[in-house]
Each structure stands twice: as structure tokens, then as C-alpha cells.
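The residues making up each chain are set out below.
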Amino acid sequence: MLDGIKAFLDILSKPQISFTLIIFIFPFVIPPTMWFEKWHRKLGLHLLWTRKGGLYMFAFITIILLLGFFDENFGKILGKPDNVPIIILIYSVFFFLWLSMSSAYKNDERMARGEKVEEDYGPDEKVLVWPDLVYIEMIALILMTVFLLVWSIGLPAPLEEAANPSLSPNPAKAPWYFLGLQEMLVYFDPWLAGVIFPTLIIVGLMALPYVDDNPKASGYYSFANRRASIFIFLFGFLTLWVFLIVVGTFFRGPNWNFFGPFEEWSVAKVVPLTNVNLSEYVWVKMLRIGLPSHPLVREVVGIVIVVLYFGLPPVILARGKLRGLVERLGATRYALVIFLALSMMALPIKMYLRWTINLKYIIAIPESFFNI
Amino acid sequence: MKRRKFITWLSVGWLAFAGATGGFFTMIIRFLFPNVLFEPPQSFKVGFPSDFQLNQVDERFKQSQAVWLVRTAEGMYALSTVCTHLGCTPNWLITDNKFKCPCHGSGFRKSGINFEGPAPRPLERYRIVLAEDGQVLVDKSVKFQYEKGQWDSPEAFLTT
């Protein structure tokens, strides 16, 4: 029975399956449109953000982790001092998601009834920074210091022998907060996944206040007023960042192969993964005439695809579904938003292309370090 | 103080400041380059061709020189042990007959050609020639890159 559950979870954790499931379930949990909202209510998923739903989810996560902790293989991963932050991350991400969503749902219900939101204090209920806020901050600071001290004494940092450049540990894992980046590096060239994407993430987050002109739900929790924005943000944060960190921690083993969490990390596991560039698919496998010698001619299909990917959807959407957005934001801000959104979606698209048809690079010009 | 004198002193002051800062940064940059490098010589002898087993990847010089030596029926070549993706050191998996990088899963065939994972180009080869005494000489100061067509160079492959 227990072994059956473990084997089932191992199969589920295959990235092709788990990532697909998450992408399909996600819009029903965080509904971006009214159609999803209808199903969200019908399926009872809104109960997730009640106290009871939160407790059930808490119990569910704990049961899975306990199951893992007493498992021979998963226990080794979970028990590592390195991975304690990931367990804290799983709980804290879920807790803060639950906290903000349940506060937002409460406010949405109040507003639907025509009442004021919870955060709306009257003029008489003024709260002072000193001492009210500063005291809370000081207590939080002291508690956090105590927690960090106990943690660092109780679980010493895993120091290893002096670094040896001719011997990379197997698997060689980045610090936990960079595991999402390391996962991106599997699918993209270093200059894209290591330089351009992190820059885009930071610049994109900084641009949010300038491209978001919705005055609703500012200063209080609310979901109904800005469901699409919350959906897009949480999709990027939860599935493309937090989930990839979890994948990197629990599902990546020796030789950077995928392993189920309950599977043994065997160095001998063989996964055939012969990757092929798009140019090879086109010139060698479809046209059967061999690769042209000039790199630009060779990669012409990939270049056209990338240009179309970033060029076509903004134009089509501006005339169709997103016409209102263009009018509200203006051409420049609209272009920025859609460029950031398309760049974000490029990651899952590339991941699926790698998993399904072993596509290596859409544009591959190793001669001048340019691969997409 | 006269206006002209003030400007003279001001210029002298600024020049002195610029000189001092310039000297300071020159010294800092100089400090980045060590006086002595405790590195093994870039070119070294690895023994006679017959010391190497046929169709085996020789890992004896991986630790000290970061080089794999492979001997085939036609000859020998020296592969760099630096992954072309982000510079980790791959492992030679004898059962799978491939080099596999533990950092992002790049895989290379015995020839050094990349075939799986994100590595954009094959492993680099080093200059390999026969010395006068008949030993194999590897020179790491000269690299040969496949994607630039340099593997065809006579010094990238030692015909025995």
C-alpha cells in the first residue's frame, strides 16, 4: 500500500507530468477569468482559502513530508541540513499564499455585500508607528535572531574539504535559492538563463508599479478586482520559481538526471537524451540536404520563429482580446508588458520542447556564442 | 588671496588628487596579478603512445592537468575537462561510454562531441604531438575548437 503510494508519487513527480498537472490545475485554483471562476466555485476550490481548507492543505503537505522523512531515499534528501530552507519554503509560501488569499476573499465578500474592507480603519482608529509598529518589529527581529541562532547551532553548515577544480560533486547543486536558475540553465544558454532572464525578472518586477494602472485593491487585500494580474504574478512565482526550486532539490539527482523523490539516487541510471538542434531537424531530417555552411542561413528557420514569437502575438492581441489594455496603457507600456509576458512563457515552452522532441536550441550559433 | 593664485592652487590640488587616486588604483590592479604562479607547466609529456590502452579514456592527468587522453586505432587526442556550458568538470561514465556533467546534465561522446543537455559546443582539444624522444607531448596553450573546424588541424590529433 505504502509502496504503491510512493511509486505513484514517483511517477507523478516526473516533470513532464507534474509540471503539466500544475499548469492545468493552476487557473482553477487562482482563476484569471470568470469562466475559470465559475469552475473554481463549482469544484469547491474556493474552500482552500478558508481556515478549514488551509488546515487540510497543511496536513496534506505534512503527511507527504512525513512519508518522505521515514523513507530510505527521500529521507536522505529531506534530512540534509542544506535542504531545511526548502521545507521552510514550502510551508511559508503556502502559508502566506493562504493568508493573502483568504484575506482577499473575505474582503471580496464584504465588498459584494456593500460593506467596507477589513483594512478600512475609521479616522478614530489611528495606529501610531511609535510605539505600535516599532514594538512589533522589534519583537519580530528578536524572535528571528533567536531562530537563526538556534538553527545555526543545531544544524551546522555542511563544510566540505578544500575545493578541487578537477572534481565537481555529483550532483553539483547551487544554493537552494538559485536552484530555479540552475533549472533554467538546463534549457537555455548561460548568457540567457544566467544573465538576460535574471535581469528581465528584476527589471520586470521593478516595472510593475509603472505598468499597473489599476487603482483598485491598493492598500487592502482583494482578488476579484485584479484576478488576471494576480494570476500572472503567481504563475511566474509559484510554478516557474518555487516549483523549479523544489524540482531542483528533490527531483534532480546524480548526473543531473530526473529522479522520483522515493527513487534511489543511483549514479548508474542511464537516461538517453540525445538533443537535436532545430536546424538539424529542418535541414537534415526534413529536407535531407545537410546543414548549410553559413550560420545565418543554417539558422534561418529558428530566427524567423523567434521573431514571429515576439512579434506576432502583441499585434494580434492588440487588435483582439487585449484592445482595452492597449487603450489604457498606451503603446509603449503595452509593448513592455507583452514582451515580459512572452519572455516568461518562453521558459515553459522551451522546457516542453526539450522534454517532448529533445529540441536543444531553436537558434544555435555556437560560432559566436548565440544560442536560444 | 588673488583670484589667479587661488585657481593655481586649486589646479595643483586636483592634479595631486588625480595622481594619488590613479597611483592607488594602479597598485590595486597590479595586486590582482600574482608575482608567482604555482601551476604545472602548460606543456608536458604524458608517456609513450603504447602506455595508453586502446579505445580507453585515460584519466591519469585529469587531476593534475585537467586533460583526458584518448587513444583510438588511428591515434590520440587530448580533451579538456572543462564543460563548455558553465565550466564544471564532467565525469567519464565508462558504462554509458560518455562524459556527463553533474551540474546541468550535459553529455559528450568519447570524441568530445556534445549530444545531450545544454552544452552548446564540443569539449575543446589541446595540441598533441610527438616529442623527440618519442613521448607524447600535450600543449595546453594551444586549443582546437570543433565548431571552428580546428579539429582537422594536424596538431589536434596525433596519428600513430
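For clarity, every value in this text was computed on a predicted model and none was experimentally measured.

Enquirer: Hey, could you run me through the interface of chain B and chain A in this one?
Expert: Accessible area lost upon the coming together of the parts is a frequently used measure of interface size. On the chain A side, the residues contacting the 26 residues of chain B number 30 residues. In total, about 2,200 Å² of surface goes out of reach between chain B and chain A, with carbon and sulfur atoms giving 49% of it. Put simply, chain B and chain A have zero salt bridges between them. Between chain B and chain A we count eight residue pairs in polar contact (both at pLDDT 80 or more) in total. Looking at the side of chain B that touches chain A, the elements that each hand over two or more residues are helix H2 (62-65), strand E5 (91-93), strand E6 (98-100) and strand E8 (114-116) of chain B. When residues in the side of chain B that touches chain A are grouped by element, the largest group, three residues, is from E8(B).

Enquirer: Is there a simple way to think about a nonpolar patch on the surface in this case?
Expert: Side chains of B:Met1, B:Phe6, B:Ile7, B:Trp9, B:Leu10, B:Val12, B:Trp14 and B:Phe17 sit close together on the surface and give an oily, nonpolar patch of about 970 Å² of accessible area. Examined against the element boundaries, B:Phe6 turns out to sit in helix H1 (residues 3-31).

Enquirer: In this structure, what is going on with the nonpolar core? I would like to understand it.
Expert: A general feature of soluble globular proteins is that nonpolar side chains tend to end up buried together. Counting 61 residues, the largest nonpolar core has A:Ile30, A:Trp49 and A:Phe250 as its most contacted members. Here the element with the most residues in this core is helix H10 (residues 227-251) of chain A; it accounts for 13 residues. Both domains that meet at this core, namely domain 1 (2-117 + 129-156 + 173-256) and domain 2 (278-371) of chain A, each give it at least three residues. Grouped together as the second largest cluster of nonpolar side chains are 15 residues, B:Cys83, B:Cys88, B:Trp92 and B:Phe108 included.

Enquirer: Is there a simple way to think about the pairing of strand E4 (residues 75-80) of chain B in this case?
Expert: Here is the key point about a regular strand: its side chains alternate between the two faces of the sheet. Residue and element names in this part refer to chain B. Among the six residues that make up E4, six are buried, leaving the element largely enclosed by the rest of the structure. Alternating positions in E4 separate into two faces, Gly 75, Tyr 77 and Leu 79 on one and Met 76, Ala 78 and Ser 80 on the other, with burial throughout. Both strand E3 (residues 67-71) and E4 contribute to a ladder of five bridges, which runs antiparallel. Note that in E4 the partner of Trp 68 across the bridge is Leu 79. Pairing of E4 with strand E9 (residues 125-130) involves two bridges; the strand directions are antiparallel. Considered in E9, the bridge of Leu 79 is made with Arg 125.

Enquirer: Got a minute to help me understand the state of the cysteines in this structure?
Expert: In a disulfide, the sulfur atoms of two cysteines are held together by a covalent bond. All names here are of chain B. Overall, the coordinates contain one disulfide over all chains when judged by the stated rule. Bridging Cys 88 to Cys 103, the disulfide has an S-S length of 2.0 Å. Torsion about the S-S bond of the Cys 88 and Cys 103 cystine: about -90°, corresponding to left-handed handedness. On the criterion of sequence distance, the pair formed by Cys 88 in the loop between E4 and E5 and Cys 103 in the loop between E6 and strand E7 (107-108) is long-range, its members being 15 residues apart.

Enquirer: Would you mind showing me how to read the packing of helix H2 (residues 15-29) of chain A against H10(A) here?
Expert: Each pair of packed helices can be summarised by the angle the axes make with each other and by the distance between the axes. All names here are of chain A. Closest axis-to-axis distance for the H2/H10 pair is 11 Å, and the angle between their directions is 160°. Viewed along their axes, H2 and H10 adopt a mutual orientation that is roughly antiparallel. The way H2 lies across H10 gives a crossing that is right-handed. Residue-level inspection shows Ser 18, Phe 19, Ile 22, Ile 23, Phe 26 and Pro 27 of H2 in contact with H10, the latter providing Phe 231, Leu 234, Phe 235, Leu 238, Thr 239, Leu 240 and Phe 243. The class makeup of the residues in the contact of H2 with H10 is 11 nonpolar, two polar and no charged.

Enquirer: Just checking my understanding: could you explain the domain arrangement of chain A for this structure?
Expert: All names here are of chain A. One can read the domain layout of chain A as domain 1 (2-117 + 129-156 + 173-256) and domain 2 (278-371). Averaged C-alpha coordinates put domain 1 and domain 2 at centres separated by 29 Å. Between domain 1 and domain 2 lies a buried interface of about 2,200 Å² when both sides are counted; carbon and sulfur atoms form 71% of it. The interface formed by domain 1 and domain 2 holds zero salt bridges in total. For the pair domain 1 and domain 2, the number of links is six residue pairs in polar contact (both at pLDDT 80 or more). Breaking the side of domain 1 that touches domain 2 down by element, the ones donating at least two residues are H2, helix H8 (179-187), helix H9 (190-211) and H10. The element contributing the most residues to the side of domain 1 that touches domain 2 is H9, with eight residues. Across the side of domain 1 that touches domain 2, the residue classes tally to 18 nonpolar, four polar and two charged.

Enquirer: In this structure, what is going on with helix H3 (residues 34-42) of chain A? I would like to understand it.
Expert: Residue pairs spaced three or four apart in an α-helix point in one direction, given the helix's 3.6 residues per turn. Residues and elements named next belong to chain A. Burial in H3 covers these residues: Phe 36, Glu 37 and His 40. Buried residues along H3 cover an arc of 105° about the axis, so they all sit on one side. Exposed residues lying more than 90 degrees from the buried face of H3 are Met 34 and Lys 42. Here the buried face of H3 lies against H2, helix H6 (84-112) and H10. The positive-phi residue at the C-terminal boundary of H3 is Gly 44, with phi of around 75°.

What counts and how
Every residue gets a number counted from 1 within its own chain, in the order that chain's sequence is written. Each chain takes a letter, starting from A, and each ligand takes a number, starting from 1, following the order in which they are written. Totals for whole chains, interfaces and linings use all residues, but because this is a predicted model, local features are given only for residues with pLDDT of at least 70 and pairs of side-chain atoms are given and counted only at 80 or more. Only hydrogens and water are set aside when side-chain values are computed; all heavy atoms of the structure are taken into account. Throughout, a residue-residue contact means that at least one pair of heavy atoms, one from each residue, lies within 4.5 Å. Reported buried area values correspond to the accessible surface (1.4 Å probe) lost by two parts on association, with both partners' losses combined. When a carboxyl oxygen of Asp or Glu is within 4 Å of a side-chain nitrogen of Lys or Arg, the pair counts as a salt bridge. Polar contacts, as counted here, are pairs of nitrogen or oxygen atoms within 3.5 Å of one another; within protein the pair requires one atom able to donate a hydrogen and one able to accept it, and residues that are adjacent in sequence qualify only if both atoms are side-chain atoms. Secondary structure is summarised from DSSP: a helix means a run of H or I of at least four residues, a strand means a run of E of at least two, and numbering begins at the N terminus for each. Patch construction takes residues with relative accessible area above 30% that form no salt bridge. Like charges are linked within 9 Å, and nonpolar side chains (Val, Leu, Ile, Met, Phe, Trp, Tyr) are linked within 5 Å. Each accessible area is a Shrake-Rupley estimate made with a 1.4 Å probe; only the visible protein chains count as cover when residues are assessed. Buried residues of nine kinds, namely Ala, Val, Leu, Ile, Met, Phe, Trp, Tyr and Cys, make up a nonpolar core once their side-chain atoms join them within 4.5 Å. Throughout, exposure labels follow a simple rule: accessible area from a 1.4 Å probe, protein chains only, divided by the maximum for the residue type, with under 20% read as buried, over 50% as exposed, and the rest as partly exposed. Each domain's extent was defined by an automatic or database domain assignment. We call two strands paired when DSSP finds no fewer than two bridges between them. The definition used for a disulfide is geometric: two cysteine sulfur atoms within 2.5 Å. Helix axes are fitted to C-alpha atoms over the stretch in contact, other axes to C-alpha atoms as well, and angles between N-to-C directions run from 0 to 180 degrees. For this classification, under 35 degrees means roughly parallel, over 145 means roughly antiparallel, 65 to 115 means roughly perpendicular, and everything else is oblique. By definition, turning the near helix anticlockwise from the far helix through less than a right angle yields a left-handed crossing, and turning it clockwise yields a right-handed one. Residue polarity is assigned by list, with Asp, Glu, Lys and Arg as charged and Ala, Val, Leu, Ile, Met, Phe, Trp, Tyr, Cys and Pro as nonpolar; anything else, Gly included, falls into the polar class. Here the arc refers to the directions that run from the helix axis out to each C-beta atom.

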